[in-house]
Amino acid sequence: MSGDDDWWTSSNEALLVSLVTPSDAGVKTLDTFHPEYTNNIFGEKEQIFGYKGLRINLQYNASDMLPNLKVSYKKKYQPTADEEALDINEVLSEFLPEIAFQKQSDFETRLKSIPDNWTPPGTLVTSFSSKDGECEVYSGKITDPAVRQLLNRIQILVPFFVDGGTPIDMEDPDVDRWTIYFLYNKRPLPNQPDKSSYHFAGYSTLYRYYAFQPPAESESKTPTDTPTFSLDGDFDLDTLPCRTRISQFIIIPPFQQKGLGSRLYSIIYQQYLKHAPTIELTVEDPNEAFDDMRDLADLAFLSKQPEFQALKVDTSVEIPEEGKAPSNIVDQAAWEACRKKFKIVPRQFARVLEMHLMSQLPESVRPGLGAPEDEEHEEQSGRSKSKGKEKALPKPTREDEHTYRLWMMLVKRRLYVHNRDALGQLELKERREELAKVFAGVEFDYARLLIKAEEQSKLAQADGETAGDQVPATPSAANGKRKLDEVEQTEETAAASSKKARVESGNE
């Protein structure tokens with residue numbers, strides 16, 4: 001290989017994605033952005049060999065996402081017997097449709113031929129107002145040719161913005177199980193207020209996994225009472241019970257940090273809440289940003305539901321001096337009934353409920369965020385404290401402390417069950433220390449999210465948005481007497497500090 005570093009270029013920096021629209025001069029650029037990842041395309045090091053001054057411009061028509069690839073450079077490496085410049089078009093041909101490699105002149109001609117009344121493919125699900133104007137959400141199946149075409153054009157966004165993400169296999173025999181949701185920003189045309197143009201903002205893909213549902217215990221299990229199952233006739237597989245999984249979820253950079261991701265997620269969730277065959281809505285390998293968005297959106301919705309509001313810490317439960325944590329801190333039957341009704345997977349439901357219950361703790365013991373005055377850590381009832389001073393709060397009563405301890409045991413019980421195998425490898429003292437460490441991270445994260453929820457609620461009120469669109473106000477986590485020490489590591493990395501076992505926080 002050539003030792004001259006000048007022939008190597010960062011693929012993340014060289015590749016530029018542009019959203020354009022037709023203009024009298026050819027095309028007008030609306031937005032540009034770089035990918036976050038290119039390792040699935042150009043290799044783990046995200047480097048391209050063989051060019052100087054390399055520029056890769058992937059243009060997209062802002063509405064139908066018609067792509068066009070332009071590769072330019074100042075100098076190209078002359079091939080030798082051992083090495084040659086990377087064939088960029090060949091590499092990208094595995095991720096882009098053939099039409100992306102047309103001439104620039106042909107691309108511009110095609111843009112001008114798109115009618116003014118063009119609308120996104122699929123069925124209009126809903127529309128809503130945002131700071132950037134009206135937005136619309138469309139859904140459709142890959143079996144719809146127009147949906148399939150649009151998806152084929154934008155699938156390269158998956159490896160661009162999902163670490164390790166791979167496009168959907170369009171030739172999969174079960175491709176009909178996929179449903180696609182497209183998010184579009186709708187803007188009036190200049191000098192033509194009666195007409196609008198559509199600008200692609202993001203999309204999500206969902207896959208249905210068929211879920212076996214055992215018969216209820218009250219049903220007879222004798223062979224003679226078992227109905228005959230047949231696929232003959234017009235049997236519809238779409239009516240079978242299923243778990244619907246959000247597989248890919250992308251909001252492109254020009255539309256990020258605008259609340260559109262949480263709106264799209266909430267719209268999708270509401271669609272599947274009404275979808276009778278879906279028993280649970282799950283998420284495939286969510287990253288931290290998506291986890292935050294999902295937690296806040298689920299909290300916003302569930303906090304307004306009477307069944308969820310009725311779930312409380314039962315303060316009459318006594319705490320044993322030794323042994324297992326009580327299992328009846330929250331009514332388990334009501335818990336499970338509520339979870340099933342709202343189709344949320346157990347871990348996610350537990351986390352949102354724990355967060356909600358934390359927001360309801362007495363102010364004197366409610367965890368909050370704040371900078372400690374020193375770095376010393378104090379242990380009290382298995383929780384971390386610091387000596388930050390902001391606001392004089394009531395001294396916790398015995399009842400307040402009891403309520404907090406019950407909530408803490410509720411969280412720790414879940415964490416222990418989730419990590420039973422790993423914790424079982426540790427001595428009792430190490431086990432308690434490791435569990436306390438993970439709990440501290442979870443508690444800190446809940447406090448952080450509750451503050452975000454309160455901030456979003458205040459912003460929504462200032463902007464005049466409806467409460468149903470945003471996270472509701474909750475008792476301020478920042479006002480709690482107990483100040484959480486800054487946990488520099490995430491829940492998982494903190495838990496992984498043990499050399500004997502990896503203990504995780506129990507996120508989905």
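In this report, we go over the structure that sits alongside the text. All values reported here derive from a predicted model rather than from experimental measurement.

**Observations regarding the overall build of the protein**
Stage number 1. A tally of regular secondary structure across the protein gives 15 helices and 18 strands.
Stage number 2. Across the 508 residues in the protein, those meeting the buried criterion constitute 47%.
Stage number 3. Counting contacts in the protein only where the partners sit at least 6 residues apart, residues at least 24 apart contribute 73% of the total.
Stage number 4. For the protein, the accessible surface area stands at approximately 26800 Å², while carbon and sulfur atoms represent 47% of it.

**Side note on the nonpolar core**
Stage number 1. Of all hydrophobic cores here, the largest spans 122 residues; its most connected members are Tyr203 and Trp407.
Stage number 2. For this core, the element with the most residues is helix 14 (residues 428-463), which contributes 9 residues.
Stage number 3. Those residues within four positions of tryptophan 407 in sequence are excluded, and the remaining contacts are Glu354, Leu357, Met358, Leu361, Phe439, Glu443 and Tyr446.

**Thoughts on the side chain of asparagine 419**
Stage number 1. Position of asparagine 419 among the secondary structure elements: in the loop between helix 12 (398-418) and helix 13 (420-423).
Stage number 2. Residue class for asparagine 419 comes out buried when judged on its relative accessible area of 5%.
Stage number 3. Side-chain polar atoms of asparagine 419 contact the backbone oxygen of leucine 415, separated by 2.8 Å.

**What about empty space enclosed by the protein?**
Stage number 1. Counted according to the given criterion, the structure contains 1 cavity of 30 Å³ or more.
Stage number 2. Volume-wise, the largest cavity comes out at about 50 Å³.
Stage number 3. The wall of the largest cavity is formed by Tyr265, Tyr269, Leu281, Val283, Arg294, Asp298, Ile344, Val345 and Gln348.
Stage number 4. The set of elements that each furnish at least two residues to the lining of the largest cavity consists of helix 7 (260-273), strand 14 (278-283) and helix 8 (288-302).
Stage number 5. Residues belonging to the lining of the largest cavity are distributed by class as follows: 6 nonpolar, 1 polar and 2 charged.

The rules we used
- Residues numbered from 1 in each chain as written.
- Predicted model: local features only at pLDDT ≥ 70, side-chain atom pairs only at ≥ 80, totals over all residues.
- Heavy atoms only, no water.
- Helix = DSSP H or I, 4+ residues; strand = E, 2+ residues; numbered from the N terminus.
- Buried < 20%, exposed > 50% of the residue type's maximum accessible area, 1.4 Å probe, protein only.
- Contact = heavy atoms within 4.5 Å.
- Areas by Shrake-Rupley, 256 points an atom, 1.4 Å probe, with all protein chains shown as cover.
- Core = buried A, V, L, I, M, F, W, Y, C linked by side-chain atoms within 4.5 Å.
- Polar contact = N/O pair within 3.5 Å; in protein donor to acceptor, adjacent residues only side chain to side chain.
- 1 Å grid on protein atoms, 1.4 Å probe; cavity = no way out; pocket = protein on both sides within 12 Å on 5 of 7 lines; lining within 4 Å.
- Points joined across faces, edges and corners; volume = space filled by probe spheres on them.
- Nonpolar A, V, L, I, M, F, W, Y, C, P; charged D, E, K, R; others polar.

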